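Structural features, examined
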Amino acid sequence: MNKKYITSLALILLITVSSCSDLLEQTDPNAVTVDNYFQNENDIQLAVNGIYQSLRSSDVVGENSGLYSDERSDDTGTNDNQSNSGEPFQFNNFALLPSNTWLKNHWVALYQSITRCNIVLSNIDKITFADADNKARFTAEAKFVRAYIYFQLVRKWGDVPLVTKQLVTTDEITEYTARVKKELVYDQIVADLKDVVGSPLANLQTDANVGKVSKAAGNALLGQVYLTMATTLDAANKTANLTNAKTYLEAAYGMKTFAALKDIPYTDVFDVAKKSTCPELILQIVNKQGDLNYSSSIAANSQAKGETINSLKPSTGSGTNVTHDLVFDYETGDLRKDFSIKYAADATVQDWFITKFRDASTTAGVNGYGGNNWILMRYADVILMLAEVNMYLGNDAAAITYLDMVRERAKMPLYAVSKADAAYSAKYPTLKLAILHERRVELAFEHHRWFDLLRSFTTTELMTYMQAKKQADFGNAKLVNFTVKDRYYPIPFDEFKLNPEKMYQNEGY
């Protein structure tokens, strides 16, 4: 008989499933069954904490998960095609194989986060709450994360297994080991997020609650989901989806606590000392400066040899690579370039690396235990999505107004002025490309670029867009490898072989 066990350890929910063999059916003396675990509100709270904890992983959406997003795009990558048998290099070389173990780890970790959400949602009704709003808030948090992770999955793989309850038996697991159409996945994402925006969550989280889901986060994500549906699903519903996107993005924007974006210095967004107070931030994964287990490593990991701008931890490598294609996309005088990237002059590097995430404090120390929170959502993203939505709806004036909010904060000329410049108009001849460019330089290295590309172009258009770039600006990664197959990741081979019919492989793999 199959049994699921759950234990609480450092606020982490750990799930194990035994097999049918006599040996593995022995009871774990250090575990309690899921059925017996949830006894009171605090148990639910610990389980919700476990949901948040899962997001930290570099195989989920944590600060070091760029391999699955930015390195798939035209922003970053690695020129070391020999590391780890070349498997990480497959992502930005557009040579990804279904057998890639990093790909499998990503898939498994995403579904583990969903499992944590489903366990909470399947057991929360067993608990009597003194305050019904607490139950509603916990439910909304779990549904938000489930929607957020499914949004990752459906954009990367298309059709994916859809599981919305705790699976207990092997028969249930077998039943749900089947891809469903992406439209059904989007329906579930929308349903979950509508519950979030209708919940008693705070509009924005502050102080000790920074890092928790808010209504603003729910509205922003739902707006982005509708925008993605409008641009990637059936054309018949495009206008309705765009209208919904506008409604929810405006709702998120209406919850801001600042007067104008220009009043928030760009550097404040990434200032470790202001991570709990900067009003632009909507949702963050919280890290603890100087802590061995819960600190941030992105500042130290990004830094190139011979540099000290990011961290006191000495670097021996080249840091996080920046493609020259991105370097050349910054306009002259853009303050975001000087803050976000730097050329490392060391003889063993002589290339650009990321400086956007910094913590060279003595508390972070020479071990690089930084305090950077990982930003999942912020208002510049919402503003530029509002520009995008209005552009698609034919309201260019409103779109430009939103676009100019971001350009003004960056001390760049307003769009009308830039459009009159021959060099700018040649690179970005349409408002759509101007917005895409602005998102690239504003949100660089925040794991948005790949999704922006998928949303902005059809599969054929994206292939043309990528292959038109200069190979010299991409190092070892071969642009010629990019074909229509690269719209989606392959289904990991171990998942496909479980049921080749129901876990059918994506085209081209």
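Because the structure is a prediction, the values reported are computed rather than measured.

**Some words on the packing of aromatic side chains**
By the definition in use, this model includes 25 aromatic pairs. On the numbers, 6.0 Å between centres and 80° between planes, the contact of Phe 270 with Phe 357 is edge-to-face. In this pair, Phe 270 is assigned in the loop between helix H9 (238-253) and strand S5 (281-285) and Phe 357 in the loop between strand S8 (351-354) and strand S9 (374-378), connecting sequence segments 87 residues apart. Exposure class is identical for Phe 270 and Phe 357. Each is buried. An aromatic cluster is defined as three or more aromatic residues linked by ring pairs; in this entry it consists of Tyr 68, Phe 91, Trp 107, Tyr 111, Tyr 150, Trp 157 and Tyr 489. A cation sits over an aromatic face here: Lys 256 above Tyr 253, 5.0 Å from the ring centre.

**So, the confidence of the model for the protein**
Model confidence for the protein is summarised by a mean pLDDT of 93, while 93% of its residues fall at 70 or above. Below a pLDDT of 50 lies the segment residues 1-27, which in the model reaches 63 contacts outside its immediate sequence neighbourhood of four places, other chains included.

**Topic: helix H7 (residues 182-197)**
Over its 16 residues, H7 runs 23 Å from end to end, which matches the ideal 22 Å to within 8%, given 1.5 Å per residue. Inspection of H7 places Val 185, Tyr 186, Ile 189, Val 190, Asp 192, Leu 193, Val 196 and Val 197 among the buried residues, and these make up the whole buried set. All buried residues of H7 lie within an arc of 170° about the axis, which places them on one face of the element. Buried-residue contacts for H7 involve helix H5 (132-157), helix H8 (215-232) and H9.

**What to know about unusual backbone geometry**
Positive phi, normally seen in glycine, also occurs at Asp 207, with a value near 50°. The topology assignment puts Asp 207 in the loop between H7 and H8. If you check the backbone angles, Lys 411 has positive phi at about 60° while not being a glycine. In this structure, Lys 411 sits in the loop between helix H14 (396-409) and helix H15 (415-419).

**Brief notes about the nonpolar core**
A general trend in soluble globular proteins is that nonpolar side chains are found buried together. Phe 144, Tyr 150, Leu 153 and Ile 189 are the most contacted members of the largest nonpolar core, which has 126 residues in total. Per-element tally for this core: the top contributor is H5, with 13 residues. Filtering out sequence-adjacent residues up to four positions away, Tyr 150 remains in contact with Tyr 111, Ile 114, Val 160, Pro 161, Leu 162, Val 163, Val 185 and Ile 189. Counting twelve residues, the second largest nonpolar core, distinct from the first, contains Leu 436, Leu 453, Leu 454 and Phe 457.

**Here we look at the pairing of strand S7 (residues 341-344)**
Relative to S8, S7 runs antiparallel, the two being bridged by four bridges. When the sheet's bridge partners are listed, Lys 342 is paired in S8 with Phe 353. Counting the residues that bridge the hairpin from S7 to S8 gives six residues, and of these Gln 350 lies at a positive phi of roughly 50°.

**As for the pattern of salt bridges**
By the definition in use, this model includes 36 salt bridges. Residue Glu 307 pairs with Lys 342 through a salt bridge whose shortest N-O separation is 2.8 Å. Placement of the pair is Glu 307 in the loop between helix H10 (298-302) and strand S6 (321-322) and Lys 342 in strand S7, with a sequence separation of 35 residues. Owing to a relative accessible area of 30%, Lys 342 belongs among the partly exposed residues under this scheme. A salt bridge links Glu 442 to Arg 336; the nearest nitrogen and oxygen atoms lie 2.9 Å apart. With a gap of 106 residues between them, Glu 442 in helix H17 (residues 431-442) and Arg 336 in helix H12 (residues 335-340) connect regions that are remote in the sequence. Grouping residues by exposure puts Glu 442 and Arg 336 together as buried.

**Here's the deal with the side chain of Asp 452**
Following the sequence through the fold, Asp 452 ends up in helix H18 (residues 449-456). A polar side-chain atom of Asp 452 sits 2.9 Å from a polar atom in the side chain of Arg 439.

**Considerations on the packing of helix H13 (residues 379-392) against H14**
It is at 7 Å that the axes of H13 and H14 come closest, and there the two elements cross at 155°. In this view, H13 runs roughly antiparallel relative to H14, as classed from their interaxial angle. Judged by the twist between their axes, the crossing of H13 over H14 is left-handed. Taken together, the residues of H14 that come into contact with H13 (itself represented by Ala 380, Ile 383, Leu 384, Leu 386, Ala 387, Asn 390 and Met 391) are Asp 396, Ala 398, Ala 399, Tyr 402, Leu 403, Met 405, Val 406 and Arg 409. Broken down by class, the residue content of the contact of H13 with H14 amounts to twelve nonpolar, one polar and two charged.

**Regarding H9**
Given 3.6 residues to a turn, an α-helix orients residues that are three or four positions apart in the same direction. In a regular helix each residue adds 1.5 Å, so 16 residues correspond to 22 Å; H9 covers 22 Å between its end C-alpha atoms and thus fits that length. Here H9 has its buried residues at Asn 241, Leu 242, Ala 245, Tyr 248, Leu 249, Ala 252 and Tyr 253. Considered in projection along H9, the buried side chains sweep an arc of 140° and stay on one side of the axis. Summarising the contacts, the buried residues of H9 are in contact with H7, H8, H13 and H14.

**Topic: the environment of Lys 469**
Relative to the helices and strands, Lys 469 is located in the loop between helix H19 (459-467) and helix H20 (493-496). Once the C-alpha coordinates of Lys 469 and Tyr 343 are considered, the two residues, 126 residues apart in sequence, prove to be 22 Å apart. Once you skip the residues sitting within four places of it in the chain, Lys 469 turns out to touch Asp 74, Asp 325, Arg 440, Arg 449, Phe 474 and Leu 479.

**Brief notes about the packing of helix H2 (residues 41-55) against H5**
Put simply, H2 and H5 touch, their axes get as near as 11 Å, and they point 20° apart. Overall, the two elements H2 and H5 adopt an arrangement that is roughly parallel. Judged by the twist between their axes, the crossing of H2 over H5 is left-handed. Packed against H2, whose contacting residues are Glu 41, Ile 44, Gln 45, Val 48, Ile 51, Tyr 52 and Leu 55, the element H5 presents Asn 134, Phe 138, Glu 141, Ala 142, Val 145 and Ile 149 at the interface. Class assignment of the residues belonging to the contact of H2 with H5 gives a composition of nine nonpolar, two polar and two charged.

Reading guide: rules and limits
- Residues numbered from 1 in each chain as written.
- Predicted model: local features only at pLDDT ≥ 70, side-chain atom pairs only at ≥ 80, totals over all residues.
- Heavy atoms only, no water.
- Phe/Tyr/Trp six-rings, centres within 6.5 Å; stacked < 30°, edge-to-face > 60°.
- Helix = DSSP H or I, 4+ residues; strand = E, 2+ residues; numbered from the N terminus.
- Buried < 20%, exposed > 50% of the residue type's maximum accessible area, 1.4 Å probe, protein only.
- Lys NZ or Arg CZ within 6 Å of the ring centre and 35° of its normal.
- pLDDT = per-residue confidence, 0-100.
- Contact = heavy atoms within 4.5 Å.
- Expected span 1.5 Å × (residues − 1).
- Arc of directions from axis to C-beta.
- Core = buried A, V, L, I, M, F, W, Y, C linked by side-chain atoms within 4.5 Å.
- Pairing = 2+ DSSP bridges.
- Salt bridge = Lys/Arg side-chain N within 4 Å of Asp/Glu carboxyl O.
- Polar contact = N/O pair within 3.5 Å; in protein donor to acceptor, adjacent residues only side chain to side chain.
- Axes fitted to C-alpha atoms, helices over the stretch in contact; angles between N-to-C directions.
- Parallel < 35°, antiparallel > 145°, perpendicular 65-115°, else oblique.
- Left-handed = near helix turned anticlockwise from the far one by under 90°.
- Nonpolar A, V, L, I, M, F, W, Y, C, P; charged D, E, K, R; others polar.

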